[in-house]
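# What the coordinates show
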Amino acid sequence: MILTAALLALALPPAPLHAQDELFEEGNRLYQQEDYQGALDNYLRIREAGFESPGLYYNIGNAYFKANELGRAILYYERARRLAPSDADILANLELARSLGVDEIVPLPRFWLFRVGSWWMNLFPRSLLIGLTAAGYLMAAGAVLVLVLRPGAASWPRRTAVAGGILVLLLGATLAVRETGLGQARHGVVLAAEVGVQSAPSDDPALQLFVIHEGTRVRVDRSSEEWLEVVLDDGKVGWVRAEVLEEV
């Protein structure tokens, strides 16, 4: 019962979200009229009210892109991808925005086990993952109910209960990890035009290792007061001031 309620809570949009529809539609109307700042103002009011969705982040990214704010466009495309990792439109716009960045970073090859894990975590859209988990739960619960009411029933209810239980465990764990971000790396996008990356949390020019630019995505490994240790996709490591980026 608790699992059912949790899945319903995830699947259904928050009731107050309907009150934001007008802002969203007005934002879309302004965007079509090429009033990108007006559209952005409406979208951000929805976000500031505490709501998020792939569509909202995607539209915010588009408005920032049209307003020539590349770093914030990439930031919001990344946020949209976090919620809908397989969405073709989000991936296409993210790739386009990244191609306009200054930094050309060649990612290090990833260990195959990490690639498989990433593929599995992003395999199902969120709504499908919730639906499959709920279906597994109902299948297992129905089969157990048959076993309780008819103890001498054929073996199919047992097999069905086991299959449903495996589905719930496998897909439920995947859903929980995606929803909570448990064990997932923190990422950020550089919003400053140009940032010197230091070998230590210090502004000393002698400690500068290299420079990165607006729109570059980094992994955030740890923090020290006003500084963050970041890792680039090519393996370079260094420290930047926390104010130069925003976490996805």
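Keep in mind the model is a prediction, meaning the values are calculated, not measured.

### Quick look at the packing of helix α4 (residues 54–66) against helix α5 (residues 70–83)
Between α4 and α5, the least distance of the axes is 8 Å, while the angle of their chain directions is 165°. One way to sum up the angle between α4 and α5 is to call them roughly antiparallel. Relative to α5, the crossing made by α4 is left-handed. Facing α4, whose interface residues are Pro54, Tyr57, Tyr58, Ile60, Gly61, Asn62, Tyr64 and Phe65, α5 presents Leu70, Arg72, Ala73, Tyr76, Tyr77, Arg79, Ala80, Arg82 and Leu83. When the residues that make up the contact of α4 with α5 are grouped by side-chain class, the tally is 12 nonpolar, two polar and three charged.

### Remarks on the packing of aromatic side chains
With the rule as written, the count across this model stands at nine aromatic pairs. Each ring, one from Phe111 and one from Trp112, has its centre 5.8 Å from the other, and the planes form 55°; the classification is tilted. For Phe111, a relative accessible area of 45% translates into the label partly exposed. Between Trp120 and Phe124, the ring centres sit 5.6 Å apart and the planes meet at 85°, which makes this aromatic pair edge-to-face. For Trp120, a relative accessible area of 23% corresponds to the partly exposed category. Joined through ring pairs, the aromatic side chains of Tyr57, Tyr64 and Tyr76 make up one cluster. The ring of Tyr76 carries the charged tip of Arg79 above its face, separated from the ring centre by 4.9 Å.

Rules and cut-offs
- Each chain has its residues counted from 1, following the order in which its sequence is written.
- Totals for whole chains, interfaces and linings use all residues, but because this is a predicted model, local features are given only for residues with pLDDT of at least 70 and pairs of side-chain atoms are given and counted only at 80 or more.
- Heavy atoms from the whole structure form the basis of all side-chain values; hydrogens and water molecules are not counted.
- Only C-alpha atoms enter the line fits that serve as axes; for helices the fit covers just the stretch in contact. Angles between N-to-C directions range over 0 to 180 degrees.
- By definition, any uninterrupted DSSP run of H or I lasting at least four residues is a helix, any uninterrupted run of E lasting at least two residues is a strand, and each is numbered from the N terminus.
- Angles below 35 degrees are treated as roughly parallel, those above 145 as roughly antiparallel, those between 65 and 115 as roughly perpendicular, and all remaining angles as oblique.
- Note on convention: the crossing is left-handed when the near helix lies turned anticlockwise from the far helix by less than a right angle, right-handed when the turn is clockwise.
- Here, two residues are considered to be in contact whenever any of their heavy atoms come within 4.5 Å of each other.
- Each residue receives one of three labels: charged for Asp, Glu, Lys and Arg, nonpolar for Ala, Val, Leu, Ile, Met, Phe, Trp, Tyr, Cys and Pro, and polar for the others, Gly being one of them.
- Planes of paired rings set the category: under 30 degrees apart is stacked, over 60 is edge-to-face and the rest tilted, where pairs are Phe, Tyr or Trp rings (Trp by its six-membered ring) whose centres lie within 6.5 Å.
- Here the term buried applies to any residue with accessible area under 20% of the maximum for its type, exposed to any over 50%, and partly exposed to those in between, with areas from a 1.4 Å probe on protein chains only.
- Any Lys NZ or Arg CZ found within 6 Å of a ring centre and within 35 degrees of that ring's normal is scored as a charge over the ring.

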